[in-house]
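Coordinate inspection notes
Chain residues, written in single-letter form:
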Amino acid sequence: MGPKDVTSDNHRSRRWRTAIHEGGHVLMAVEEGCPFAEVALARTADANGVMSQISVRRGDDEAVRIALGGIVAVRLCRSRWYWQLFAGAYSDLGIVADFFRGTKDAKHGIEFNVKATAIAISSNWAAVETFAGALVTRRSLSHQTASAIAASPRLQRRPPSEWEEIDWKPLAEHIHWRIKYPRGRVDALRALMEESASV
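Figured I'd write up the structure that's included with this text. (Residues numbered from 1 in each chain as written. Predicted model: local features only at pLDDT ≥ 70, side-chain atom pairs only at ≥ 80, totals over all residues. Heavy atoms only, no water.)

**Overview of the packing of aromatic side chains**
Between two aromatic rings, the relevant description is the distance of the centres plus the angle of the planes. Note the cut-off: Each Phe, Tyr or Trp ring (for Trp, its six-membered ring) is paired with any other whose centre lies within 6.5 Å, and the angle between the two planes then decides the class: stacked below 30 degrees, edge-to-face above 60, tilted in between. For every residue, the accessible area (1.4 Å probe, protein chains only) is compared with the maximum for its type, and the residue is labelled buried under 20%, exposed over 50%, or partly exposed between those bounds.
The final tally for this structure, using the stated rule, is four aromatic pairs. An angle of 80° between the planes, with centres 5.1 Å apart, marks the rings of Phe 99 and Phe 100 as edge-to-face. Taking relative accessible area as the criterion, Phe 100 reaches 5% and is therefore assigned buried. Ring geometry for Trp 177 versus Tyr 181: centroids 5.4 Å apart, planes at 55°, classification tilted.

**A closer look at the sheet that holds strand E1 (residues 38–41)**
The strands that make up a sheet pair up through hydrogen bonds in the backbone, lying either parallel or antiparallel. Rules: Two strands are counted as paired when DSSP detects at least two bridges linking them. Strands are runs of DSSP state E lasting at least two residues, helices are runs of H or I lasting at least four, and both sets are numbered from the N terminus onward. Lines fitted to the C-alpha atoms define the axes, with helices restricted to the stretch that makes contact. Angles between their N-to-C directions range from 0 to 180 degrees.
Read across the sheet, three strands follow the order E2-E1-E3 without closing on themselves; strand pairing throughout is antiparallel. Here the strands that pair on one side only, and so sit at the sheet edges, are strand E2 (49–52) and strand E3 (140–142). Recorded for the sheet is a direction-independent mean angle of 10° between the axes of neighbouring strands. As paired strands, E1 and E3 are joined by three bridges and run antiparallel to one another. What sits directly across from Glu 38, in E3, is Ser 142.

**A closer look at the environment of Phe 99**
Which entries qualify depends on this criterion: We call two residues in contact when some of their heavy atoms are within 4.5 Å.
By the element assignment, Phe 99 lies in helix H5 (residues 90–100). Between the C-alpha atoms of Phe 99 and Arg 158, which are 59 residues apart in sequence, the distance is 30 Å. The contact partners of Phe 99, leaving out residues within four places of it in the chain, are Gly 59, Asp 60, Asp 61 and Val 64.

**Quick look at the pattern of salt bridges**
Short version of the rule: Put simply, a salt bridge is a Lys or Arg side-chain nitrogen that is within 4 Å of an Asp or Glu carboxyl oxygen.
Going through the model one piece at a time under the given rule, you end up with eight salt bridges. When the shortest N-O distance is used, the salt bridge between Glu 129 and Arg 157 registers 2.6 Å. You can see Glu 129 sitting in helix H7 (residues 125–138) and its partner Arg 157 sitting in the loop between helix H8 (143–151) and helix H9 (169–180), a full 28 residues away along the chain. Its relative accessible area of 29% is what places Arg 157 among the partly exposed residues. Of the charged contacts, one joins Glu 162 and Arg 158 as a salt bridge, the two residues approaching to 2.9 Å between their closest N and O atoms. Among the residues examined, Arg 158 registers a relative accessible area of 40% and is labelled partly exposed. Each of Glu 32, Asp 61 and Arg 65 takes part in salt bridges that share partners, so that together they form one network.

This is the structure:
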């Protein structure tokens, strides 16, 4: 019997999915050279994990790729899109939508950043799994520890799903929906009511 595939053994565990999600954020922050205070598996009112005090350059789309890192990492572990993926990344996708709201070429910018994030996460999958394993064990990681993990040599691994085989269109569509309806269902219902009242 060969070595166990950690991701496929654990992909159904909520804690492991949260760790993979946060590991995606960590990988993108390290790749983008953006320091943070800590990433932790911690239940809050809105999430099961949190990255605190992240330092990004104002107006730079590195914040978009870091925000997308979580949902992209989890999607690479799953066979399809499902609503919980979007619900679990609600705040992250709000960051992405806020960045592109009012820009001239949101469509191209979103597509570019989704693809860049998927390539980075997929190419560094072993690091994402290592971050996730460390988070499950330690519950939190500092930027210094994450940087040391990222710099350590490891065997190259591929995610359970290849980024090229995934249709990323549902993610882009969801972001466009969030741009149009910043407060989610409240804004969407208001727009529907206004539309039906004008008919």
